Amino acid sequence: MIDAGIQVGVVYPQIELGGEADAVRAIGDAIEAQGYRHLVAYDHVLGAEQADRQPELTGPYDENDPFHDPFVLFAYLAGRSDTLEFASGVLILPQRQTALVAKQAADLAVLSGNRLRLGVGVGWNWVEYEALGEDFATRGQRANEQIELLRRYWTEPTVSFAGRFDRVERAGIVPRPSMSPPVWVGGFGAASLRRAVRLGDGFIFGGPRIHVAEQWARLKELLAEAGRPLEGFGAEYLILSNKGPADVAAKVGQWRDQGGSHAAIVTMGLGLDSTEAHVDYFGSVATALS
């Protein structure tokens, strides 16, 4: 079993597995058996061609990259697993209807036994927003309103709400989960840190280690300024290393020593050429963490 002092999971390597159902089953079954606690999945509804766009589109994914819908992926794997938890990393919240997200998350929490952690962010792909009928320019403000409204849907029999973006008149969700899914925020800018401090239960960090350290230090400052205790505020680092499993294990330990509560292992970009290769790599990291 993995004994790292913090909760360790994996990031589903979806853009390298061709969207294959067999890969979903193999990864889900293997990581639970290897002792990992949770699975993180990224989110995009649509991929978009990037050439000749105005405004320019320069994100890390295009029309060729496969993405499973996180709610569908998690629901499927929840039915195959007993202990595995699931975290969106991140669901692009403002391009979705708040009530529908609340319903999907509530059902997943109910059916999985509260094994959902809802990571949310605002995204970068304005083409995707346009196709889904939502406004890219106001995505940050909308996310702030949505997080508060989500929690009301999960806890109140009926909701009446009149905000800038959502209106609800005496309506609610049944069934509701026995506990609200934790809402964590992810992102790379100052606005995402402020959103997490004001509204989130934790933060999801990614990217270069130096940048993560700077973000984590700033987040601690913001929490202290807001009078929020660091204890109980979650911090997950999505760890990518090209130096092998021992280095990954060392980075998990360093993150634990810095106060991190969760880590997820990234295998995309390492040149692994099959589902089996990803599974084997996860296994090697689990051994290094044991």
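From a predicted model like this one, the values you see are computed outputs, not experimental measurements. (Residues numbered from 1 in each chain as written. Predicted model: local features only at pLDDT ≥ 70, side-chain atom pairs only at ≥ 80, totals over all residues. Heavy atoms only, no water.)

S.K.: Could you give me a rundown of the overall build of the chain, with the residues and numbers involved?
M.R.: In terms of regular secondary structure, the chain is built from nine helices and eleven strands. A compact globule built from 290 residues would reach a C-alpha radius of gyration of about 19 Å, and the chain, at 19 Å, matches this within 12%. Considering only C-alpha atoms, the chain reaches an extent of 55 × 45 × 35 Å along its principal axes. In the chain, which comprises 290 residues, the proportion classed as buried is 51%. Sequence-distant contacts in the chain: of pairs separated by 6 or more residues, those separated by 24 or more amount to 72%. Counting every atom, the chain has about 13200 Å² of accessible surface; 50% of that belongs to carbon and sulfur. Averaged over its 26 positive side-chain charges, the chain has a centre that lies 8 Å from the centre of its 37 negative ones. (Helix = DSSP H or I, 4+ residues; strand = E, 2+ residues; numbered from the N terminus. Rg over C-alpha atoms; globule rule 2.2 N^0.38 Å. Buried < 20%, exposed > 50% of the residue type's maximum accessible area, 1.4 Å probe, protein only. Contact = heavy atoms within 4.5 Å. Areas by Shrake-Rupley, 256 points an atom, 1.4 Å probe, with all protein chains shown as cover. Lys, Arg positive; Asp, Glu negative; His and termini not counted. Charge placed at Lys NZ, Arg CZ, Asp CG, Glu CD.)

S.K.: Outline the pairing of strand β1 (residues 7–11), listing residues and values.
M.R.: A large share of β1 lies buried, amounting to five of its five residues. Bridge count between β1 and strand β11 (residues 262–265): four bridges; the pairing is parallel. Across the sheet, the residue bridging to Val-10 is Ile-265, located in β11. Two strands pair when backbone bridges link them, and β1 and strand β2 (residues 38–41) are joined in this way by three bridges, in the parallel orientation. Note that in β2 the partner of Val-11 across the bridge is Val-40. A crossover connection joins β1 to the parallel β2 through helix α1 (residues 21–34); in handedness this β-α-β unit is right-handed. (Pairing = 2+ DSSP bridges. Right-handed = clockwise from strand over helix to strand, strands pointing away.)

S.K.: So what's going on with the side chain of Lys-251? Residues and values would help.
M.R.: Structurally, Lys-251 is set in helix α8 (residues 245–257). Note on Lys-251: relative accessible area 13%, which makes it buried.

S.K.: So, the nonpolar core: which residues are in play, and what are the values?
M.R.: Formed by 72 residues in total, the largest nonpolar core has its most connected members in Val-8, Tyr-36, Leu-39, Leu-219, Val-252 and Trp-255. No other element matches helix α9 (residues 275–289), which puts seven residues into this core. The residues contacting Leu-219, other than those within four sequence positions of it, are Leu-193, Val-197, Phe-203, Phe-205 and Phe-233. Counting residues in each nonpolar core, the second largest holds 13 residues, with Ala-87, Trp-184, Leu-238 and Val-266 among its members. (Core = buried A, V, L, I, M, F, W, Y, C linked by side-chain atoms within 4.5 Å.)

S.K.: Summarise the pattern of salt bridges; cite the residues concerned and give the values.
M.R.: All chains considered together, the criterion is met by 16 salt bridges. For the salt bridge of Arg-142 with Glu-134, the shortest nitrogen-to-oxygen distance reads 3.4 Å. By relative accessible area, Arg-142 is classed as buried at 7%. Look at Glu-134 and you get partly exposed, because its relative accessible area is 24%. Here Glu-221 ties to Arg-218 by a salt bridge, and the two come within 2.9 Å at their closest N and O atoms. (Salt bridge = Lys/Arg side-chain N within 4 Å of Asp/Glu carboxyl O.)

S.K.: Describe helix α5 (residues 139–155), and please don't skip the residues or the numbers.
M.R.: Helix length check: α5 (17 residues) gives 24 Å between terminal C-alpha atoms against 24 Å at 1.5 Å per residue, within 8%. Regarding α5, the residues found buried are Gly-140, Arg-142, Ala-143, Asn-144, Glu-145, Gln-146, Ile-147, Leu-149, Leu-150, Tyr-153 and Trp-154. Along its buried surface, α5 packs onto α3 (98–112), β5 (116–121), β6 (159–162), β7 (167–171), β8 (183–186) and α6 (190–199). (Expected span 1.5 Å × (residues − 1).)

S.K.: Just give me the short version of the pairing of strand β3 (residues 85–88), but keep the residues and values in it.
M.R.: One ladder, built from four bridges, connects β2 with β3; its direction is parallel. Counted as the bridge partner of Leu-39 is Phe-86 from β3. Remark: the β2/helix α2 (residues 70–78)/β3 crossover connection has right-handed handedness. Relative to β5, β3 runs parallel, the two sharing two bridges. Bridge pairing in β5 places Phe-86 opposite Leu-116.

S.K.: Explain the side chain of Thr-98 residue by residue, including any values.
M.R.: With respect to the helices and strands, Thr-98 occurs in helix α3. A polar contact of 3.0 Å, which involves the side chain of Thr-98, links it to the side chain of Gln-146. In contact with Thr-98, other than residues within four places in its own chain, are Arg-142, Gln-146, Leu-149, Leu-150, Tyr-153 and Asp-166. (Polar contact = N/O pair within 3.5 Å; in protein donor to acceptor, adjacent residues only side chain to side chain.)

Functional significance is not addressed by these values, which are geometric in nature.
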